[in-house]
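# Breakdown of the fold
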Amino acid sequence: MSNLKVKEQIDALVKELNEHTYNYYVLAMPTIADYEFDQKLEKLAGLEKEYPELADPNSPTQKVGGDITKNFITVKHKWPMLSLGNTYNEQDLRDFDERVKKAIGNDFEYVCELKFDGLSISLTYENGKLISAVTRGDGSQGDDVTSNIKTIHTIPHQLKGKEIPALFEIRGEVFMHRAAFERLNKEREELGEIAYANPRNFAAGTVKMQDSKEVAKRPLDCFLYALYSEKKLFKTHWESLQTVKKWGFNVCEHTRLSSDIEDVFSFIAYWEENRFKLGYDIDGIVIKVNNYAQQHELGFTAKSPRWAISYKYKAAEVQTILEKVTYQVGRTGAVTPVANLKPVLLAGTTVKRATLHNADEIARLGLCENDTVFVEKGGEIIPKIIRVNEALRSANPIPIKYITACPICATTLIRKEGEVAFYCPNDEGCAPQIVGKIQHFIGRKAMNIDGLGDETIEAFYQRGLVSHISDLYFLHDKADELKKIERFGEKSIENMLKGIEDSKQMPFEKVLFGLGIRYVGETVAKKLARGVKNIDNLAKASLEELTAIDEIGVRIAESIREYFSKPEHLRQIELLKAKGLKFEIIETEIISLSDKLAEKTFVISGVFEKYSREELKELIEQNGGKILSSISAKLDFLVAGANMGPSKLEKATKLNIPLLSEEELIEMIG
Ligand SMILES: NC(=O)c1ccc[n+]([C@@H]2O[C@H](COP(=O)([O-])OP(=O)(O)OC[C@H]3O[C@@H](n4cnc5c(N)ncnc54)[C@H](O)[C@@H]3O)[C@@H](O)[C@H]2O)c1
Ligand SMILES: [Zn+2]
């Protein structure tokens, strides 16, 4: 090959891999499988080795992938946070073992650990107290996400015990249990929000959120797996793991000390079989030379330690036949295609269905009727179709055509610009949408109506008793018809009617959430309720007015405008109002406590320890102060908490605006 050709190949690979790295770490939306990514990376490394003079110093083989955001303070790592070399096969691992032996002889042990599929975090403890938590970032510096990490229950804020070193760093992996992922992702889907592809992406997205209160609502966990300190505390990694466990850290129990590579292979084989029984995802195992002095002897490459390697599992996959594609219609009208498969055993469970996400996915796969497809069960709970086995395709394949009309009500589907999902716009006449909306309204997080369940709503709808939310409040006139429903006794009817009556006392924010406006989830409903005070203000608010409210973006604002443009929605609201539901917030009247802050203006930003932002706002107003929405020369004080955006800080400094801590503000009020 000519040098020019090689250079072209290297450049193309560098460009492609950098794009994938961006998709993976920054967008959290990889477009190729890890295995394929790693194959390409290996190919690049091979070319660079053969033609070192053509290598690009910016090559992804030379640096740790990751991102640093502008939303957090950047912190330099005391010890770089590196990646790990990886392999997918036995021979590579034997080669690794040989390299180690060549360097340090035969007298050593390995520690085998699970390779948790989350994101790495570095925690620093001073005098037993957690003082900072930083992401890997680009390996030499990362984001300070301390207040978010403090919401993780298994990470101790204060260590107990005597022999704890004054200063040390401990590293581990933040992840989300599969069950929590499934539950939260389902909630997101129901709200019409984009679902996360897997628990790792969900965990990574959560750690980088701006509001720690939101982070606290999403259950994350963390396993610790490496200790760093200036002083030599232990001789071996194994010893350090046993000890940090006693200090109160969560160390995974599935860790093994192996005296040779054969034992490592049995650990690998065991977890290849059993990994799906764990409540969380792993993507392989990690093997580390146990003795620290030997680790030191082996050293590092630019990107990873020479004393450790990961053995990654290829995602479990199997071939089967696509029997047909069916379509589900959700509460918001979104139509989701589902692949119905010839049942097949995969990683211990029988798979009959696989998600197809949307029309683009069907096109990407190029699916045809009766295709033989490869189904993969990665970390994800719902298996997915990876690709088609084209060799087994019939001579005249018929491509799967995404439906153009709703499978339930036959209305022509629409797709909004910039969105991937098709919708059935017939929200007033399409059964799953009608039933789904009422089910959402009565749900635990919305109106929480006692004595009513999803199946009852379905039965009521079938009998023509309800087709709108407001119909629930007319049920008391229909006692005779209710009695005719099987297994629906007098007592149940009474309970239900009481539940419905009681729901009239639910606060505005719950009613607003219950209406099921697309993108208006629980938290958004709360912010809106506080921002607009009542439904009439919301109905007439312009896009600008809506987006001026804390955390309300254009997408949500547009969805609200659209909701109120429909006469039927307005009619429903009038009916519900007439029935006595709450459509305005009960102002916790601003009780004037003092005028100590009179004529002073404040902006509150960041996360606070003692009070929520809302509480601080209330305190300021009760003492005569005024809240402004943005930093300008007019501003008197910036009340600054943790995790405040650096750009805000910069602006305030430029304009010479004094910063106040939570305590200082409280002191001012006295
Ligand atoms: N599909 C794509 O588009 C794409 C793009 C970029 C990267 N990737 C994937 O990401 C990988 C590279 O990511 P990486 O640099 O984070 O490497 P890695 O994830 O393969 O290995 C290093 C990481 O493993 C984690 N880890 C989990 N358990 C551990 C344990 N017990 N001990 C030590 N570390 C443990 C740590 O977070 C550490 O940072 C590649 O192998 C590739 O498959 C995929
Ligand atoms: Zn429909």
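Residues numbered from 1 in each chain as written. Chains lettered and ligands numbered in written order. Predicted model: local features only at pLDDT ≥ 70, side-chain atom pairs only at ≥ 80, totals over all residues. Heavy atoms only, no water.

The name given to the protein chain in an unreviewed UniProt entry is DNA ligase, and the organism recorded there is Pedobacter insulae. In its Sequence similarities (unreviewed entry) section, the UniProt record describing the protein chain reads: "Belongs to the NAD-dependent DNA ligase family. LigA subfamily." (UniProt positions renumbered as here; feature names shortened; annotations may be inferred.)

## A closer look at the environment of Glu48
Within the element layout of this structure, Glu48 appears in helix H2 (residues 34-50). Residue class for Glu48 comes out buried when judged on its relative accessible area of 9%. As a C-alpha pair, Glu48 and Lys7 span 41 residues in sequence and 9.7 Å in three-dimensional space. Ignoring any residue separated from it by four or fewer positions in sequence, one finds Glu48 in contact with Ala55, Ser59, Thr61 and Gln62. Here Ser59 takes part through its side chain, which lies 2.7 Å from a polar atom of the side chain of Glu48. (Helix = DSSP H or I, 4+ residues; strand = E, 2+ residues; numbered from the N terminus. Buried < 20%, exposed > 50% of the residue type's maximum accessible area, 1.4 Å probe, protein only. Contact = heavy atoms within 4.5 Å. Polar contact = N/O pair within 3.5 Å; in protein donor to acceptor, adjacent residues only side chain to side chain.)

## Brief notes about the sheet that holds strand S20 (residues 637-640)
Across the sheet, which stays open at both edges, the four strands sit in the order S19-S18-S20-S21 with parallel pairing between neighbours. The outermost strands of the open sheet, each flanked by one partner alone, are strand S19 (626-627) and strand S21 (659-660). Of the pairings in the sheet, the one linking strand S18 (residues 601-605) to S19 comprises two bridges and is parallel in character. Of the residues in S19, the one forming a bridge with Thr601 is Lys626. (Pairing = 2+ DSSP bridges.)

## Some thoughts on H2
Between the first and last C-alpha of H2 there are 24 Å, a value that for 17 residues agrees with the 24 Å anticipated at 1.5 Å per step. Those residues of H2 that are buried are in contact with helix H1 (3-26), strand S2 (86-87) and strand S11 (308-312). (Expected span 1.5 Å × (residues − 1).)

## Details of the sheet that holds strand S9 (residues 256-258)
Pairing is mixed in the open sheet, where five strands are placed in the order S2-S11-S10-S3-S9. With partners counted over all chains shown, the strands left at the sheet margins are S2 and S9, one partner each. In terms of strand pairing, strand S3 (residues 110-116) meets strand S10 (residues 282-289) through seven bridges, oriented antiparallel. When the sheet's bridge partners are listed, Tyr110 is paired in S10 with Val289. Together, S3, S9 and S10 form the strand contacts of helix H8 (residues 237-247), whose direction differs from that of S3 by roughly 55°. (Axes fitted to C-alpha atoms, helices over the stretch in contact; angles between N-to-C directions.)

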